Amino acid sequence: MKSSTKMKSTTKSKTSKEQFEPRILALCCNWCSYAGADLAGTSRLQMPPNVRIIRVNCTGRIDPTFILDALYQGADGVLISGCHPGDCHYTTGNLKMRARFALLQNLLEEAGVDPRRIHLQWASAAEGDVFADGIRGMVERIKKLGPSPMRRGGK
Amino acid sequence: MPKRVAFAQLSSCWGCDQSLVDLHLRLLEVLPQLEIKYWPAVVDYKLSDLERLPKGSLHVGFVEGSCRTQEDVHLLEVMREKSQVLVAWGSCSCYGGVQGLANQWSIDEAITRKFLKADTVTDPRVPDENVPGFTDHIVPNPDIVPFELIIPGCPPTSDNIYDAVVALLTGKPFDLPDRTVCDECPREREEKHIKEFHRTYEGHIDPNKCLLDQGYLCLGFATIGLCGAQCPSANSPCKGCFGPPPSIKDHGAKIIAALGAITDMSPEELKSMFPDPIGSFYFTDYAASFISKIATAERSDTK
Ligand code: SF4
Ligand code: SF4
Ligand code: SF4
């Protein structure tokens, strides 16, 4: 315990990008992606530990406020993972998310915030590997972008 | 006993003052109950008149406008110090206002554009004598000093101001309602499946049907219902100038949420319909949005 807190304080002063471990929020729908994430876990697929998953009933329930608020609170990236188009448990929730996501991308871009900080993917309950790939891709993208401006002390 | 009051203007268009004097004869009902200590919009008061007042000696201070200059920040702080009840008067004061849209650029870019590059400029130079410095970006007044009350609107209607002043004079609460402009709008609406949006000047607007149903971006559904739906009643879409109802944290996020649910378009089509989401969704409250705060941090970091 003691040594790990020590480690933390020594690495803190170094800010090079290699040591940056992104904090990513993943919002997963209950019926496909969360089950897919579960499968990835039980199949022991390797995934980077940078992601905190929140389960929602449907990606259609994700208010864009959640995403913007998460970025404001210092998340380095937000991943949204839902059922493939046509497979939504509630028929069209994921299509609503897809439309909202398109407008959010425009908004981030216009504001001058890299739109790659948010990402939308589809992964079914059987696609543990797709889910794990998505997480890996997200972590790589965010590592390239560096920490959230809200965490760089640039406020 | 009359209440001691002050009306201060930070960077603003003074439209909120205009809306107050638009009360016309009804002004006579409230004026005798007010002891005006500072109101430079109508009487030649100086800043020193306000600064000389004892701390907390004003019953109510009304602040219009937002802080674009260091002088504005000073005036805001003086108003806070002198007022028992401080009121953010108008969307500029509550949310940063139209000038908050400038938060899309650094202050240097904004100054270059306005004073050196604008098409109408014939003698390009940046004024630097006897002027207060600019603030780096617009921060909503309630994030600078605490307020007891906000009255949104660009401007608030004369009735809104009258109601707020009467409430303040009689000690009654003035709570913002959680209703929207749609709740006040008389137009007939249907189930929405919008396939295309039009600019306001395109096509013919049916005066009885919901503007959104007809493919005009009307923001009544995400905007607090205080104005009596005056734009849709005049055949013009709501631009959201009063900001959101109290339960909504971020105006534009709410608009995006709703557009995702009521449009029937491909993501590409939707993107091409809204090339300027900031201008379209955050007309008077961009400075108060999550995304403006994130972008501002990003900029100050890379400077
Ligand atoms: S809120 Fe609107 S009307 Fe009032 S000062 Fe600001 S820009 Fe003018
Ligand atoms: S969207 Fe506009 S036109 Fe339609 S009901 Fe709401 S305020 Fe009225
Ligand atoms: S209808 Fe909308 S834009 Fe018009 S005054 Fe009311 S809130 Fe403002």
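Structure: see above.
Heads up: these notes are all about the structure in this document. Keep in mind that what you see is a predicted model, and the values were worked out from it rather than measured.

## Digging into the site of ligand 1
Link 1 in the chain: Lining the immediate environment of ligand 1, one finds B:Ser12, B:Cys13, B:Trp14, B:Gly15, B:Cys16, B:Glu64, B:Gly90, B:Ser91, B:Cys92, B:Gly153, B:Cys154 and B:Pro155.
Link 2 in the chain: Here the residues of the shell around ligand 1 are counted per class, giving six nonpolar, five polar and one charged.

## So, the pattern of salt bridges
Link 1 in the chain: Tallied over the entire structure, the rule returns 17 salt bridges over all chains.
Link 2 in the chain: Here A:Asp69 and B:Lys249 are joined by a salt bridge, their closest N and O atoms 2.7 Å apart. Of the two residues, A:Asp69 sits in helix 3 (residues 64-72) while B:Lys249 sits in the loop between helix 9 (230-233) and helix 10 (251-262), which places them in two different chains.
Link 3 in the chain: By relative accessible area, which is 10% here, A:Asp69 ends up buried.
Link 4 in the chain: A relative accessible area of 58% means that B:Lys249 is categorised as exposed.
Link 5 in the chain: A salt bridge links B:Glu184 to B:Arg179; the nearest nitrogen and oxygen atoms lie 3.3 Å apart.
Link 6 in the chain: Given the relative accessible area of 24%, B:Glu184 is considered partly exposed.

## What to know about the packing of helix 3 of chain A against helix 10 of chain B
The relative placement of two packed helices comes down to the angle between their axes together with the axis-to-axis distance.
Link 1 in the chain: Orientation of helix 3 of chain A relative to helix 10 of chain B, taken along the N-to-C sense of each, is 145°, at an axis distance of 8 Å. Here A:Pro64, A:Thr65 and A:Leu68 of helix 3 of chain A lie close against helix 10 of chain B, whose contacting residues are B:Ala253, B:Ile256 and B:Ala257.
Link 2 in the chain: Residue composition of the contact of helix 3 of chain A with helix 10 of chain B, grouped by class: five nonpolar, one polar and no charged.

## Structural notes on the packing of aromatic side chains
For any two aromatic rings, the description comes down to two numbers: the centre-to-centre distance and the angle of the planes.
All names here are of chain B.
Link 1 in the chain: For the structure shown, the criterion picks out 10 aromatic pairs over all chains.
Link 2 in the chain: An angle of 50° between the planes, with centres 6.0 Å apart, marks the rings of tyrosine 38 and tyrosine 45 as tilted.
Link 3 in the chain: Under the relative-accessibility criterion, tyrosine 38 is labelled buried at 5%.
Link 4 in the chain: Cluster of aromatic residues (ring-pair linked, three or more members): Phe7, Trp39, Phe62 and Trp89.
Link 5 in the chain: In this arrangement the basic side chain of lysine 114 is found over the ring face of phenylalanine 115, its NZ or CZ atom lying 5.2 Å from the centre.

Calculation criteria
- Residues numbered from 1 in each chain as written.
- Chains lettered and ligands numbered in written order.
- Predicted model: local features only at pLDDT ≥ 70, side-chain atom pairs only at ≥ 80, totals over all residues.
- Heavy atoms only, no water.
- Near = heavy atom within 4 Å.
- Nonpolar A, V, L, I, M, F, W, Y, C, P; charged D, E, K, R; others polar.
- Salt bridge = Lys/Arg side-chain N within 4 Å of Asp/Glu carboxyl O.
- Helix = DSSP H or I, 4+ residues; strand = E, 2+ residues; numbered from the N terminus.
- Buried < 20%, exposed > 50% of the residue type's maximum accessible area, 1.4 Å probe, protein only.
- Axes fitted to C-alpha atoms, helices over the stretch in contact; angles between N-to-C directions.
- Contact = heavy atoms within 4.5 Å.
- Phe/Tyr/Trp six-rings, centres within 6.5 Å; stacked < 30°, edge-to-face > 60°.
- Lys NZ or Arg CZ within 6 Å of the ring centre and 35° of its normal.

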